[in-house]
2 protein chains.
Amino acid sequence: MAITIKDVARESGVNISTVSRALNNGYGVNPQTRELVLNVANRLNYRPNRVARGLVTGRSHSFALIVSDIRNPFFAEVARGAADAARSDKCDLVLCNSDLDPIRQMEYVKSVLEKRVDGILMNSVAALNPEEQRQLAECGVPIVLLNRSASNRAFSTVTADNEAGGVLAAQHLLKLGHRHIAHLTGPRQHGNMTDRTRGFVQTLLAAPEPVNPVVLYGAFNYEGCRDLTNKLLDHHPEITAIFAANDVMAFGTVRAAMDRGLRIPDDLSLIGFDNIEFSSVIHPPLTTIHQPKYEMGYAAVEMLMGLAKEKNNRTPESRVLGVELIERQSCAERH
Amino acid sequence: MAITIKDVARESGVNISTVSRALNNGYGVNPQTRELVLNVANRLNYRPNRVARGLVTGRSHSFALIVSDIRNPFFAEVARGAADAARSDKCDLVLCNSDLDPIRQMEYVKSVLEKRVDGILMNSVAALNPEEQRQLAECGVPIVLLNRSASNRAFSTVTADNEAGGVLAAQHLLKLGHRHIAHLTGPRQHGNMTDRTRGFVQTLLAAPEPVNPVVLYGAFNYEGCRDLTNKLLDHHPEITAIFAANDVMAFGTVRAAMDRGLRIPDDLSLIGFDNIEFSSVIHPPLTTIHQPKYEMGYAAVEMLMGLAKEKNNRTPESRVLGVELIERQSCAERH
DNA sequence: CTGAAAGCGCTAACAG
DNA sequence: CTGTTAGCGCTTTCAG
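Residues numbered from 1 in each chain as written. Chains lettered and ligands numbered in written order. Predicted model: local features only at pLDDT ≥ 70, side-chain atom pairs only at ≥ 80, totals over all residues.

Q: Please clarify how the packing of helix α1 (residues 5-12) of chain A against helix α3 (residues 31-43) of chain A should be interpreted in this entry.
A: Any two packed helices are characterised by the angle at which their axes cross and by the distance between the axes. All names here are of chain A. It is the contact of α1 with α3, at a shortest axis distance of 9 Å, that shows an interaxial angle of 125°. The angle between α1 and α3 falls in the class oblique. Taken as a pair, α1 and α3 cross one another with a handedness that is right-handed. Contacts between α1 and α3 involve V8, E11 and S12 on the former and, on the latter, L36, V37, V40 and A41. (Axes fitted to C-alpha atoms, helices over the stretch in contact; angles between N-to-C directions. Helix = DSSP H or I, 4+ residues; strand = E, 2+ residues; numbered from the N terminus. Parallel < 35°, antiparallel > 145°, perpendicular 65-115°, else oblique. Left-handed = near helix turned anticlockwise from the far one by under 90°. Contact = placed C-beta atoms within 7 Å.)

As structure tokens, then:
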């Protein structure tokens, strides 16, 4: 049905291997023959079958991206970077949404492995048990993890400098004169602080006039942080500044503040993390720590492509990208 | 290197075709043999090579999604629906971002065609010239278009009922007593109104006390609509209600209104379109027309899968999904 | 520079 | 129920 390399060969009066060479390398074949073949291929509207090619070369020229949910603007941005990086080397990207569900995640891994992707970029491996992680580490294709620096030395990682981000946030609030500061973040990681939280808290504690922030743990989302903010303000009316662990959480804080008749930044300073697009649209425009999301996706796929080339060198790499304070209008001096 | 069907066959002492049967259909093979094979496959940690399989079956079990930009929350939602639909049939989705650039778009089409995807879901075919469109239509795999009902009878489509959405918006504003109404939309489509605009305008014109809205054309984005709103209000201070062609544009209007000291909804009623997630987060929460984005993605891929199965029946299908008015707090009665 | 031939890993008749 | 065989469309030695 579809037209194959054989048709091109017959039509140009050469052998299929010549066609193959003409279409690929270009060298080791007479320029005239080459041109002839190219013309015929073009005229016949020939489309090389990459799956047949992949079967023999062992490379599929595609990568998998497993994120919890592409609707999360953070991952959408990462995905765009990843897709662009892939495209720069004529590869493409298959999109998987895990919802952080270990079952789904492993199903997707299995599926893309069977399709022989050249590498996997994933967001969360944390949900997996050790056995599953081992299985992953030995699956035969390179894997890079996003924002999971500490989790496992078996994998390559690309992450933002979360700790530095926490430091930046603390310094900013300190400089504005705040002394009653809170940090609202996601679920407690069995005792361990996240890098982000650690940078923030330690900077505050190490200040000339040390401040001991109140840290509340909740959910990494809008509603969760709205509740958290209300709880915080009920018990700690003295608070004048809040650092939310991400922008969406910060939006929850904005809402809670508004409901309580508190004005941002007049009554309450607020700083977020991520710098998602809407943080500049909301009122007031949100001061936040910019995470280079696009670049992270891009870098991760570049790393994957590198790893895929050197089949032997299985040494995990790591890369951490810088963050940046974006000053908008949700923070003010304490008066 | 990787372990193949041959290894499983040898290890279980049967022929590879028996292994194949045991692994796939399940019938036409002795239950005991089957179990044996399954055990061996499992023990060897065998991963069937889907690309080899695809080469012989002619189906890749993957679909392409070409959108202008996955960072647009509308498409992220569509993508999630599409990915979930694909997954329900053990297929997966390759993600392509065209930026509405005809070159990129055709490059991606070429690429996924060569990888033998079973179908393509795309957002915009409008940018393509007739020759390219013909090429697409004859490419041999089913294609469904998203939100492009009128563009071309050669393709299947899935779209929201945009016209009904326009009608809903108009009725709502009318009911609230507004008589000085504006509509802010994207670039003018060489004279033709979009379905959305048409529904809105015609409903207004057909009212008991007909109103003739002012319609302004600009860009489909935040900044564009911010400017547009300023222009509108400079020339038409009498306007009391605005219908923006999408939520992001509405956010631009919110910003412009705020800059001018106008209060929404007290001084100005505003209604958006799409119901993206942030429309409920912004202040005031935006009244808007909900478009079933997830469902559209889901339905489109379902349609693709159907089309892919009946290789002969090349009749384009069409499906239009309902929209819904979501009342929040950006519209008030005119007083 | 070009052709012949083997084979990537799997499925699908066709026999038995 | 199971084995044999012939490819799917392409790349890649190996000869010539």
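So, next bit.
Q: Please clarify how the domain arrangement of chain A should be interpreted in this entry.
A: Reports often express the size of an interface as the amount of accessible area lost when the parts come together. Partitioning chain A into structural domains gives domain 1 (5-48), domain 2 (58-161 + 293-323) and domain 3 (162-291). Here the C-alpha centre of domain 2 of chain A lies 37 Å away from the C-alpha centre of domain 1 of chain A. (Domains from an automatic or database assignment.)

Q: In this structure, what is going on with the protein's contact with DNA strand D? I would like to understand it.
A: Near DNA strand D you find 26 residues, and of these A:T4, A:I5, A:S17, A:S20 and B:N30 are the closest. At the level of elements, α2 (16-23) and α4 (50-57) of chain A together with α2 (16-23) and α4 (50-57) of chain B are the ones that each hand at least two residues to the surface near DNA strand D. When the residues that make up the surface near DNA strand D are grouped by side-chain class, the tally is twelve nonpolar, twelve polar and two charged. (Near = placed C-beta within 6 Å. Nonpolar A, V, L, I, M, F, W, Y, C, P; charged D, E, K, R; others polar.)

Q: When you look at the packing of helix α10 (residues 222-235) of chain A against helix α11 (residues 247-259) of chain A in this model, what are you seeing that I'm missing?
A: Residue and element names in this part refer to chain A. Look at α10 against α11: their axes get within 7 Å of each other, and the N-to-C directions meet at 45°. Compared by their axis directions, α10 and α11 come out oblique. Once α10 is placed against α11, the crossing between them reads as right-handed. Residues Y222, E223, G224, C225, R226, T229 and N230 of α10 lie in contact with α11, whose contacting residues are V248, M249, F251, G252, T253, R255, A256 and A257. Broken down by class, the residue content of the contact of α10 with α11 amounts to seven nonpolar, five polar and three charged.

Q: Would you mind going over the relation of the copies chain A and chain B with me for this structure?
A: Here the two chain copies are tied together by a rotation about an axis and a shift along that axis. For the pair chain A and chain B, the relating rotation is 180°, the translation along its axis is 0.0 Å, and the fit reaches an RMSD of 0.1 Å. Within this description, the copies of the chain are treated as partners about a two-fold rotation axis. The rotation axis passes nearest to the C-alpha of A:V94 in chain A, at a distance of 2.1 Å. (Least-squares fit on C-alpha atoms with pLDDT ≥ 70 in both.)

Q: I tried to follow the nonpolar core on my own but got confused; where do I start?
A: Side chains that are nonpolar tend, in soluble globular proteins, to be buried together. Within the largest apolar cluster, 170 residues are counted, with the highest numbers of intra-cluster contacts made by A:A79, A:A82, A:L121, B:A79 and B:A82. Once you skip the residues sitting within four places of it in the chain, B:A79 turns out to touch A:I70, A:L95, B:L65, B:V67, B:I70, B:L95 and B:G297. Core analysis: the second largest hydrophobic core is formed by nine residues, A:A22, A:V29, A:V37 and A:A41 among them. (Core = buried A, V, L, I, M, F, W, Y, C linked by C-beta atoms within 7 Å. Buried ≥ 20, exposed ≤ 12 C-beta atoms within 10 Å, placed from the backbone.)

Q: I tried to follow the protein's contact with DNA strand C on my own but got confused; where do I start?
A: With respect to spatial proximity, 24 residues lie near DNA strand C, and among them A:S17, A:N30, B:I5, B:S17 and B:S20 are the closest. Among the secondary structure elements, those contributing two or more residues to the surface near DNA strand C are α2 and α4 of chain A together with α2 and α4 of chain B. Looking at the surface near DNA strand C element by element, the count peaks at five residues for α4(B).

Q: Sorry, what's going on with the interface of chain A and chain B here?
A: Each side of the interface is counted separately: chain A has 39 residues, and chain B has 39 residues. Residue assignment for the side of chain A that touches chain B shows that the elements contributing at least two residues are α4, α5 (73-88), β2 (92-97), α6 (102-114) and α11 of chain A. Taken together, the residues of the side of chain A that touches chain B sort by class into 21 nonpolar, eight polar and ten charged. As paired elements, β2(A) and strand β2 (residues 92-97) of chain B share three bridges and run antiparallel to each other. (Pairing = 2+ DSSP bridges.)

Q: Even after reading the chapter, I still don't get the sheet that holds strand β3 (residues 119-122) of chain A, so can you show me in this structure?
A: Hydrogen bonds between backbone atoms are what pair the strands of a sheet, whose relative direction is either parallel or antiparallel. Reading across the sheet, the twelve strands line up as β11(A)-β5(A)-β4(A)-β3(A)-β1(A)-β2(A)-β2(B)-β1(B)-β3(B)-β4(B)-β5(B)-β11(B) and stay open at both edges, with mixed pairing between neighbours. Strands at the two margins of the open sheet, each flanked by one partner only, are β11 (318-321) of chain A together with β11 (318-321) of chain B. Ignoring which end each strand starts from, the neighbouring axes of this sheet average 20° apart. The sheet contact formed by strand β4 (residues 143-146) of chain B and strand β5 (residues 156-160) of chain B spans three bridges and is parallel. Counted as the bridge partner of B:V144 is B:S156 from β5(B). Its contacts with the sheet place α6(A) against β1 (62-67), β2 and β3 of chain A together with β2 of chain B, and it is angled at close to 175° to β1(A).

Q: For this particular structure, what's the right way to read unusual backbone geometry?
A: Peptide bonds are mostly trans, and most non-glycine residues show a negative phi. Residue and element names in this part refer to chain B. Here the amide bond leading from I264 into P265 is cis, since omega sits at 5°, within 30 degrees of zero. The amide bond that connects H283 to the next residue, P284, takes the cis arrangement and shows omega of -5°. Of note, the phi angle at N147 is positive, near 55°, even though the residue is not glycine.

Q: Would you explain the pairing of strand β4 (residues 143-146) of chain A in this entry?
A: Residues and elements named next belong to chain A. Burial along β4 is two-sided: the residues I143 and L145 and V144 and L146 are all buried. Sheet topology places β3 next to β4; three bridges connect them, and they run parallel. When the sheet's bridge partners are listed, I120 is paired in β4 with I143. Where the polypeptide runs from β3 across helix α7 (residues 130-137) and back to β4, its parallel neighbour, the crossover connection is right-handed. (Right-handed = clockwise from strand over helix to strand, strands pointing away.)

Q: Which parts of the structure should I look at to understand the sheet that holds strand β9 (residues 269-274) of chain A?
A: Residues and elements named next belong to chain A. Ordered by their spatial adjacency, six strands build an open sheet running β7-β6-β8-β9-β10-β12, and the pairing between neighbours is mixed. Strand pairing shows two members of the sheet lacking a second neighbour, β7 (214-217) and β12 (324-326), which therefore form its edges. Averaged over neighbouring strand pairs, the angle between their axes works out to 20° when direction is ignored. Relative to β9, strand β8 (residues 241-244) is paired through three bridges, and the arrangement is parallel. The residue of β9 that forms the bridge with I242 is L270. Together, β6 (181-185), β8, β9, β10 (287-290) and β12 form the strand contacts of helix α8 (residues 162-175), whose direction differs from that of β9 by roughly 165°.

Q: How do you make sense of the environment of B:R43 when you look at a structure like this?
A: Residue and element names in this part refer to chain B. Note that R43 resides in helix α3 (residues 31-43). A residue is classified by how many C-beta atoms lie within 10 Å of it, and R43, with 11 of them, is exposed. Once the C-alpha coordinates of R43 and N72 are considered, the two residues, 29 residues apart in sequence, prove to be 45 Å apart.

Q: Would you mind showing me how to read α11(A) here?
A: Each full turn of the α-helix corresponds to 3.6 residues, which orients residues three or four apart in the same direction. Residue and element names in this part refer to chain A. Here α11 contains 13 residues, and its C-alpha end-to-end distance of 18 Å stays within 8% of the 18 Å for a straight helix at 1.5 Å per residue. In the core, the buried residues of α11 are packed alongside β6, α10, β8, β9 and β10. One or two residues past the end of α11 sits G261, with phi positive at roughly 75°. (Expected span 1.5 Å × (residues − 1).)

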